[in-house]
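# Working through the structure, step by step
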Amino acid sequence: MELLGKYKNGNYTVAIYKDGTKIRATGADSFEPTFPESIDLKITNQCERGCAFCHENSTPDGKHSDLLNLPFFRSIPPYTELAIGGGNPLSHPDLERFLEKCQSRHIIANITVHEAEFFDNAALLWTWVSRGLIHGIGISHTSPKYTERLLRYLTEMYRFSTAVIHVINGVVSLDDLEKFADKNLNLLILGYKDIRRGQEYQSRYMDVVSMRQQTLKENLPRLAKDGHFRTICFDNLALEQLDVQRLVTSEEWESLYMGDDGKFTMYIDAVELEYAMSSTSMHRYPCENTVQAMFQRIRQESNTINNIERNCT
Ligand code: SF4
C-alpha cells in the first residue's frame, strides 16, 4: 500500500494510504483527536438535477459559497480529508482554484458528483486526478436509466481506481445494484435521509422506499460475503438502517468501524457558514475561525449524546 500521508492528531497518529485505507495508532486507551480527520464540506446549493429525494433541497438557483475566502481555511491541518459536495460542486466557479489551494496545503480533497455530471465532466475530473488535485471521486448513482452508461464509463473509458459508486438505501433497487456486481468496483451505501425533499419523497413513495430497504437488508449478506464488489462501505446512517453489524464479528467491527458522527468527523455548510455534527443535524452553529474550535464543540455534543444514550440503555 502506498502511503499518502501520516500525521499526529491529539493523542494518536493517522496513516492514510492511496487506496483509502486509514490506520490509527495510539498507546492510550482511546483516540482523542483535536481536529477532524474528515470534513463533509458543502460548497454550493446549486444543482440542475432536481432529484425528488434531495435532502439538501438543492435547486438550479441555489447559492454558492465564497469558497476562496472561507474564514477557517488556513486552520485546516495537512492531510485532513475534505468530502466536497453540494448541490453540484462542479457548478462552483472557484472549485479548481480551491482545489489548488488545498493541494498547496496537502489537504486531501475528495469530491462527490451526480452521475450525469460525471459523464459531462469525466475528462476534466480525470485531469484533476492526474494533477493530484482530487483523490477520491464519489459518483452518485440515482437512476437505472444511467446504469449501462455508468458501467461503460467505469469499466471501459475511465478506470478511476479511487472512484466509488454512491447509492442510497431505499432509492436503489436490488436489481439495479446487482448490475454493478463482479466488475471490481467500489460501492458506498448511504442511509436514506428523511429530511427536506427526502421527507416528502418518503411519505409519497413509502411502500417503494420501505420495500427497497427491506430487500437490500435481506440480500446484503450475500452481496457482501460473496465479494461482488472490490469494497463495500457504508455511512453511519446506512450501518444503522441495514444493521450491518450483524454481518461481522465483534473483532472485525472493532477494527473496521470508523466511529460515530462527530467523533472524528464534522460537517460544514460553507454556503450558510454553519457547522454541525453531520449533514442531517438540525442543530447547527455559526462558523468560527478555526476547525479546531468548531470540532471541540462538535465533540462535546457527540459526547453528550453518547452519555444520554448510555444512561437510557
Ligand atoms: S440529490 Fe444531489 S444531484 Fe440530486 S438534486 Fe440534490 S444535490 Fe443535486
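Everything here concerns the structure above.
Residues numbered from 1 in each chain as written. Predicted model: local features only at pLDDT ≥ 70, side-chain atom pairs only at ≥ 80, totals over all residues. Heavy atoms only, no water.

## Observations concerning unusual backbone geometry
With an omega dihedral of 20 degrees, the bond running from Gly86 to Gly87 counts as a cis peptide bond. One non-glycine residue, Tyr79, lies in positive phi territory at about 75 degrees. Relative to the assigned elements, Tyr79 resides in the loop between β4 (38–42) and β5 (81–85). For Tyr79, a relative accessible area of 23% puts it in the partly exposed group. Residue Leu273 is not a glycine yet carries a positive backbone phi of 50 degrees. Here Leu273 lies in the loop between β11 (265–269) and β12 (274–276). (Helix = DSSP H or I, 4+ residues; strand = E, 2+ residues; numbered from the N terminus. Buried < 20%, exposed > 50% of the residue type's maximum accessible area, 1.4 Å probe, protein only.)

## A few points about the sheet that holds strand β3 (residues 22–25)
The strand order across the open sheet formed by three strands is β1-β2-β3, and the pairing between neighbours is antiparallel. Across the chains shown, the open sheet's two edge strands, defined by having one partner strand only, are β1 (3–9) and β3. Taking each pair of neighbouring strands and ignoring which way they run, the sheet shows an average axis angle of 15 degrees. Sheet topology places β1 next to strand β2 (residues 12–17); six bridges connect them, and they run antiparallel. Among the inter-strand pairings, Asn9 is bridged to a residue of β2, identified as Tyr12. (Pairing = 2+ DSSP bridges. Axes fitted to C-alpha atoms, helices over the stretch in contact; angles between N-to-C directions.)

## Re helix α6 (residues 206–225)
Every α-helix carries 3.6 residues per turn, so stepping three or four residues along brings you back to the same face. Here α6 spans 29 Å end to end across 20 residues, near enough to the 28 Å set by a 1.5 Å rise per residue. Considering only its buried residues, α6 is in contact with α4 (174–178), β9 (186–190), α5 (197–204), β10 (231–234) and α7 (236–241). Phi for Gly227, located one or two positions after α6, is positive at around 65 degrees. (Expected span 1.5 Å × (residues − 1). Contact = heavy atoms within 4.5 Å.)

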